Amino acid sequence: MDKLDLKHFRIDSEIELKNKATSYPLEISEKKVKNLLEETREKLGKWQDKLYAHGKYAVLICIQGMDTAGKDSMIREVFKDFNSRGVVVHSFKVPTPLELKHDFLWRHYIALPARGKFGVFNRTHYENVLVTRVHPEYILGENLPGVNSLEDVNEEFWEERLNSIRDFEKHIADNGTLIFKFFLHISKEEQRQRLLRRLNKSEKNWKFSPGDLKERKLWDDYQHAYEGAINSTSKPHAPWYLIPSDDKDTARYLVAKILYDVLTEYKDVQEPELSPEIKNNLEEYKEILKKETL
């Protein structure tokens, strides 16, 4: 396939999720989609080797989505051909007591990838304006100055958090981190079907929690929270991409292709050249090694 038209996925203006499709027909067979994913992730893996050797940029990939959106399998399938030394995945859970003694971005900042590496955030710093916005009572557990009751967790509070996130992303982008943020957009019906599969397949039962059903009842609240976060923070240096995700294979390919198409625009990412002295003596080094006896 030719290059994907990024305007279909990158968020450049305000959106309403209810108006965004959760499926994207590629009009090719399922087998072809899987083959394209394999080809693209292999090319991404080779590009990662150049990034590692070049050592000038880091790449941060943020993956968000409703429960069952396919975040874990997305990471497994897209980054399968990466050298393990060049990619680190962080799955952020409920903050620990230590993490709660720092500001809400601290645990994300210390997990950022070094130059030359990919970092993947499975659930991200956006949980701090998503889950907590739907459940503002969680904020009280952060023991923040000036926040003594739910009345203090108001619109001004959320705007300050979004400001902090925008500043955080601008700072790391200015210092060489290439940022990709993917929202895996599924329909409420698709989520229902995936939850049923968790219950119907014994090997998937461990993924199910009764809490999933309680959170599902808050679907509209989560959609509203996502809209606010995406519309407030999709910037040229840190864009959001909305990935139709009712079909997992298509979603995985779209993410891999977007990454490859955008990253390969950075033409300065090349393997470093050998110094003339080393280059001129390669044959001599070979002979030394050939003559070496064990």
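The following refers to the structure shown.

So, how was this worked out
Residues numbered from 1 in each chain as written. Predicted model: local features only at pLDDT ≥ 70, side-chain atom pairs only at ≥ 80, totals over all residues. Heavy atoms only, no water. Patch = residues over 30% accessible without salt bridge, like charges linked within 9 Å, V, L, I, M, F, W, Y side chains within 5 Å. Areas by Shrake-Rupley, 256 points an atom, 1.4 Å probe, with all protein chains shown as cover. Salt bridge = Lys/Arg side-chain N within 4 Å of Asp/Glu carboxyl O. Helix = DSSP H or I, 4+ residues; strand = E, 2+ residues; numbered from the N terminus. Buried < 20%, exposed > 50% of the residue type's maximum accessible area, 1.4 Å probe, protein only. Pairing = 2+ DSSP bridges. Axes fitted to C-alpha atoms, helices over the stretch in contact; angles between N-to-C directions. Core = buried A, V, L, I, M, F, W, Y, C linked by side-chain atoms within 4.5 Å. Contact = heavy atoms within 4.5 Å. Expected span 1.5 Å × (residues − 1).

Our next topic: a nonpolar patch on the surface. A cluster of nonpolar side chains, Leu 274, Ile 278, Leu 282, Tyr 285 and Ile 288, forms an exposed patch at the surface whose accessible area comes to about 410 Å². The element contributing the most residues to the nonpolar patch is helix H13 (residues 282-291), with three residues. With respect to the helices and strands, Ile 288 occurs in helix H13. Relative accessible area serves as the criterion here: at 49%, Ile 288 is assigned to the partly exposed category.

Here we have five strands laid out as an open sheet, ordered E2-E3-E1-E4-E5, and parallel in their pairing. One side of each edge strand has no neighbouring strand; the edge strands of this open sheet are strand E2 (87-91) and strand E5 (240-244). If you compare each strand with its neighbour and ignore which way they point, the axes differ by 20° on average. Pairing between strand E1 (residues 58-65) and strand E3 (residues 118-122): five bridges, direction parallel.

To continue, consider the nonpolar core. Core analysis: the largest hydrophobic core is formed by 76 residues, its most contacted members being Ile 61, Phe 118, Phe 180, Phe 182 and Leu 259. In terms of residue count, helix H11 (residues 248-263) provides more of this core than any other element does, nine residues in total. If we ignore the near neighbours within four places in the chain, the residues touching Phe 118 are Trp 47, Gln 48, Leu 51, Val 59, Ile 61, Phe 79, Phe 82, Gly 86, Val 87, Val 88, Pro 113 and Leu 263.

This next bit is on helix H1 (residues 30-54). Spanning 25 residues, H1 covers 36 Å between terminal C-alpha atoms, matching the ideal 36 Å at 1.5 Å per step. Against the buried residues of H1 lie E1, helix H2 (71-78), E2, E3 and H11. Where H1 terminates, the next one or two residues include Gly 55, which has phi positive at roughly 70°.

Before going further, it helps to examine unusual backbone geometry. Positive phi values are uncommon outside glycine, yet Thr 68 reaches one of about 80°. For Thr 68, the location among the structural elements is in the loop between E1 and H2. At Asn 143, a residue that is not glycine, the phi angle is positive and equals roughly 55°. Structurally, the position occupied by Asn 143 is in the loop between helix H6 (137-140) and helix H7 (155-174).

Now for the pattern of salt bridges. Overall, the coordinates contain 25 salt bridges when judged by the stated rule. Salt-bridge contacts for Arg 41 lead to Glu 77; the nearest nitrogen and oxygen are separated by 3.3 Å. Note that Arg 41 is positioned in helix H1 and Glu 77 in helix H2, a separation of 36 residues in sequence. Close ionic contact of Arg 123 with Glu 127 constitutes a salt bridge, the shortest N to O distance being 3.7 Å.

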